Amino acid sequence: MKTQQTKIRLVSPDSGQETELFVLEQTRISGVDYLLVTDTEDGDGEAYILKDTSGDGEAEAVYEFVDDDRELSAISDVFSQMLDDIALV
């Protein structure tokens, strides 16, 4: 039985262009929510890490692509460990 992945839609504030991404995993580190997403539902696709930059109590989450190399490396390690743990189950 195949489970359906959660989808999110990102809208560029500059162009208004909408992008649909599929959530693979999520975590919260030091009070910040991060999502590991991909651009394809099945198979090999590009993976990205998004960071929730919205303020507390905001109705909608505001996600930005993580582009700081140190932050990206640290969060990538966390997601890698999480996925390894899932693979062992």
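Residues numbered from 1 in each chain as written. Predicted model: local features only at pLDDT ≥ 70, side-chain atom pairs only at ≥ 80, totals over all residues. Heavy atoms only, no water.

Asker: For this particular structure, what's the right way to read the layout of surface pockets?
Answerer: Vacant regions in the atomic arrangement are exposed by a probe of water-molecule size rolled over the atoms. Looking at the largest pocket, its volume works out to about 340 Å³. As for the largest pocket, its lining consists of 14 residues, of which Leu10, Val11, Ser12, Pro13 and Tyr63 are closest to the centre. Of all the elements in the fold, those that place two or more residues in the lining of the largest pocket are strand E1 (7-11) and strand E5 (63-65). (1 Å grid on protein atoms, 1.4 Å probe; cavity = no way out; pocket = protein on both sides within 12 Å on 5 of 7 lines; lining within 4 Å. Points joined across faces, edges and corners; volume = space filled by probe spheres on them. Helix = DSSP H or I, 4+ residues; strand = E, 2+ residues; numbered from the N terminus.)

Asker: Can you help me understand a negative patch on the surface in this one?
Answerer: Together, Glu64, Asp67, Asp68 and Asp69 give the surface a local cluster of negative charge. For aspartate 69, the location among the structural elements is in helix H1 (residues 69-88). (Patch = residues over 30% accessible without salt bridge, like charges linked within 9 Å, V, L, I, M, F, W, Y side chains within 5 Å. Areas by Shrake-Rupley, 256 points an atom, 1.4 Å probe, with all protein chains shown as cover. Salt bridge = Lys/Arg side-chain N within 4 Å of Asp/Glu carboxyl O. Lys, Arg positive; Asp, Glu negative; His and termini not counted. Charge placed at Lys NZ, Arg CZ, Asp CG, Glu CD.)

Asker: Explain the nonpolar core here, please?
Answerer: Side chains of nonpolar character tend, in soluble globular proteins, to be buried together. Ile8, Leu10, Leu21, Val23, Leu35, Val37 and Leu50 together form the largest nonpolar core, which totals seven residues. Where this core is concerned, the elements lending two or more residues are E1, strand E2 (18-29) and strand E3 (32-38). Look past the residues within four positions of leucine 21 in its chain and what remains in contact with it is Thr6, Lys7, Ile8, Leu10, Val37, Thr38, Asp39, Tyr48, Leu50 and Phe65. Within the second largest apolar cluster, six residues are counted, among which are Tyr34, Leu36, Ile49 and Val66. (Core = buried A, V, L, I, M, F, W, Y, C linked by side-chain atoms within 4.5 Å. Buried < 20%, exposed > 50% of the residue type's maximum accessible area, 1.4 Å probe, protein only. Contact = heavy atoms within 4.5 Å.)

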